[in-house]
Amino acid sequence: MDGAAAAFSVILPDRALRIENLGMTQAAIPDAAIRVRNVSHQFGEVGEARHVRALLNTSLDIARGELLCLIGPSGCGKSTLLNVMGGLFTPTTGAVTVGTTPVHGPMPHDIAFIFQESALFPWNTIFENMILGMTFQGVPKSEREDRARRALEAVGLDEFAAHYPSQLSGGMRQRAALARALSLETQILLMDEPFGALDEQTRMVLGEDLSVLLSRSKKTIVFVTHSLGEAVFLADRVAVFSARPGTIKEVITVDEPHPRKPEFMTSAKFHRLRDQLYGLLHEEIRKSMSQSAKPKRAYEDQAKGDS
Ligand SMILES: Nc1ncnc2c1ncn2[C@@H]1O[C@H](COP(=O)(O)OP(=O)(O)OP(=O)(O)O)[C@@H](O)[C@H]1O
Ligand SMILES: [Mg+2]
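These numbers were taken from a predicted model, which means no experiment stands behind them.

1. Considering the overall build of the protein
Secondary structure assignment for the protein yields eight helices and 10 strands. Every one of the 307 residues in the protein was classed for burial, and the buried ones make up 41%. Partitioning the intrachain contacts of the protein with sequence separation of at least 6 by distance along the chain shows that 74% fall at a separation of at least 24.

2. Thoughts on the sheet that holds strand S6 (residues 111-114)
Ordered in space as S6-S7-S8-S3-S9-S10, the six strands form an open sheet in which the pairing is mixed. The sheet terminates laterally at S6 and strand S10 (248-253), the two strands that pair on one side only. On average, each strand axis in the sheet is tilted by 15° relative to the strand beside it, whichever way the strands run. The strands touched by helix H2 (residues 78-85) within the sheet are strand S3 (67-71), strand S7 (188-192), strand S8 (220-224) and strand S9 (237-241), with S8 carrying the most contacts at an inclination of about 155°.

3. So, the pairing of S7
Within a regular beta strand, the side chains point alternately toward one face of the sheet and then the other, so they alternate between its two faces. Within S7, five of the five residues are buried, which leaves the element mostly enclosed by the surrounding structure. Burial along S7 is two-sided: Ile188, Leu190 and Asp192 and Leu189 and Met191, pointing in opposite directions, are all buried. In the sheet, S6 pairs with S7 via four bridges, with the strands oriented parallel. Each bridged residue has a counterpart across the sheet, and for Phe113 the counterpart in S7 is Leu190.

4. Quick look at the site of ligand 1
As a matter of local geometry, ligand 1 sits amid 13 residues, with Phe43, Ser74, Lys78, Ser79 and Thr80 nearest to it. Taken together, the elements giving at least two residues each to the shell around ligand 1 come down to strand S2 (52-62) and H2. Top element by residues in the shell around ligand 1 is H2. It accounts for three residues. Here the residues of the shell around ligand 1 are counted per class, giving four nonpolar, six polar and three charged.

5. Side note on helix H6 (residues 200-216)
Here H6 is 17 residues long and its end C-alpha atoms lie 25 Å apart, about the 24 Å a rise of 1.5 Å per residue gives. What H6 keeps buried is the set Arg203, Leu206, Gly207, Leu210, Ser211, Leu213, Leu214 and Arg216.

6. Quick notes on the sheet that holds strand S5 (residues 101-102)
Here four strands make up an open sheet; going across it, the order is S2-S1-S4-S5 and the pairing antiparallel. Edge positions in the sheet fall to S2 and S5, since each of these pairs with one other strand and no more. Pairing of strand S1 (residues 34-43) with strand S4 (residues 93-98), which is carried by five bridges, proceeds in the antiparallel orientation. Pairing of Ser40 across the sheet is with Thr93, part of S4. Against the sheet, H2 contacts S1, S2 and S4, and its axis sits at roughly 125° relative to S1.

7. Description of the confidence of the model for the protein
On average, residues of the protein score 85 in pLDDT, and 86% of them reach the 70 mark or higher. Considering only residues more than four positions removed or in separate chains, one finds that residues 1-25, a stretch of pLDDT under 50, has 47 contacts.

8. A closer look at the nonpolar core
Residues Ala179, Val222 and Val238 are the most contacted members of the largest nonpolar core, which totals 76 residues. Per-element accounting of this core gives the leading share, seven residues, to helix H5 (residues 170-183). Sequence-distant contacts of Val238, that is, excluding residues within four places in its chain, are made with Cys69, Ile71, Ala231, Val251, Ile252, Val254 and Leu277.

9. A closer look at the packing of helix H3 (residues 126-137) against H5
In contact at an axis separation of 9 Å, H3 and H5 are set at 35° when each is read in the N-to-C sense. In the crossing of H3 with H5, the sense of the turn from one axis to the other is right-handed. Here Ile126, Asn129, Met130, Gly133 and Met134 of H3 lie close against H5, whose contacting residues are Ala176, Ala179, Arg180 and Ser183. When the residues that make up the contact of H3 with H5 are grouped by side-chain class, the tally is five nonpolar, three polar and one charged.

10. Some points on H2
Burial of H2 is extensive: six of the eight residues sit out of reach of the surface. For H2, the full list of buried residues reads Lys78, Thr80, Leu81, Leu82, Val84 and Met85. Gly87 lies just past H2 and shows a positive phi near 80°.

11. Observations regarding unusual backbone geometry
Pro245 follows Arg244 through a cis peptide bond whose omega is -5°. Along the chain, the position of Pro245 falls in the loop between S9 and S10. The omega torsion of the bond from His258 to Pro259 falls at 0°, within 30 degrees of zero and hence cis. Relative to the elements of secondary structure, Pro259 occurs in the loop between S10 and helix H8 (268-306). Even without a glycine there, the phi angle at Asn38 is positive, about 50°. With respect to the secondary-structure elements, Asn38 resides in strand S1. Looking at Asn38, the number of C-beta atoms within 10 Å reads 12, which means it is exposed.

Cut-offs applied
Residues numbered from 1 in each chain as written. Chains lettered and ligands numbered in written order. Predicted model: local features only at pLDDT ≥ 70, side-chain atom pairs only at ≥ 80, totals over all residues. Helix = DSSP H or I, 4+ residues; strand = E, 2+ residues; numbered from the N terminus. Buried ≥ 20, exposed ≤ 12 C-beta atoms within 10 Å, placed from the backbone. Contact = placed C-beta atoms within 7 Å. Pairing = 2+ DSSP bridges. Axes fitted to C-alpha atoms, helices over the stretch in contact; angles between N-to-C directions. Near = placed C-beta within 6 Å. Nonpolar A, V, L, I, M, F, W, Y, C, P; charged D, E, K, R; others polar. Expected span 1.5 Å × (residues − 1). pLDDT = per-residue confidence, 0-100. Core = buried A, V, L, I, M, F, W, Y, C linked by C-beta atoms within 7 Å. Left-handed = near helix turned anticlockwise from the far one by under 90°.

Okay, here's the thing in structure tokens:
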């Protein structure tokens, strides 16, 4: 993985920007990479069957070079927030800025996405997939092959450039998706449960690799996960969502330098933070489950009325 150093070795991020122990009140971060201000988002209109209030009055600053994890109950609006940050959805109210630029649509030169499914073209080799990504982004032709090689080296897949996605394991496909995003050389990576479909051991190893990458680059990463352990292992800060309509309930800081070592996972500090996260999430998961139980109750009430 020393290719990683060559490809992405840049100054360590200025972690002094981190604000310790952010609680319910979200302090502003000077020179933030991403600013989310009072964002609410609803799908459909009130009265329509598909009407959902997904996000409510959410504000958050993400520092340059930090890895921020979003965690919360299913359906609380994490992906919606990620899509709003990346300009894929325009929020119903509120605003997002990237650096000093207001986000009004996709910003392919600043932001790359990685999703749970690798979204590689199955009929193209890994190398061709990388080249295509750069072609869509408008990278000059003369740079594409070199960048593709460096990015594949950075994720340890240089020997698999000529393989097709179906010839790789799930973990390798996610590495390839990461390489494709890295080749775009954006400052920001938005990752929506990128390791969610993988087994625990594979995701642990990929998490370690991502932590190495972060220590060698000044990328800003927003990472959605359902795994408490993954959040504590990877994040500089973890933003915990409330049940839908989602808003940030609390942000906790994980004060541990990158690259994180496997030993961190067995430390008392890791377990304390994981327990703290579990405590914060538990109540919200209960609320979100009682929301989804409503239709069943309505059915039961109707059944009682019929009898
Ligand atoms: N395109 C859409 N049209 C209508 N409703 C949507 C759309 N996308 C999301 N929603 C609704 O908005 C709410 C939030 O969805 P979102 O995908 O952001 O949740 P999430 O926190 O990412 O959940 P999960 O953890 O299950 O991925 C859900 O109730 C979902 O049904
Ligand atoms: Mg989601």
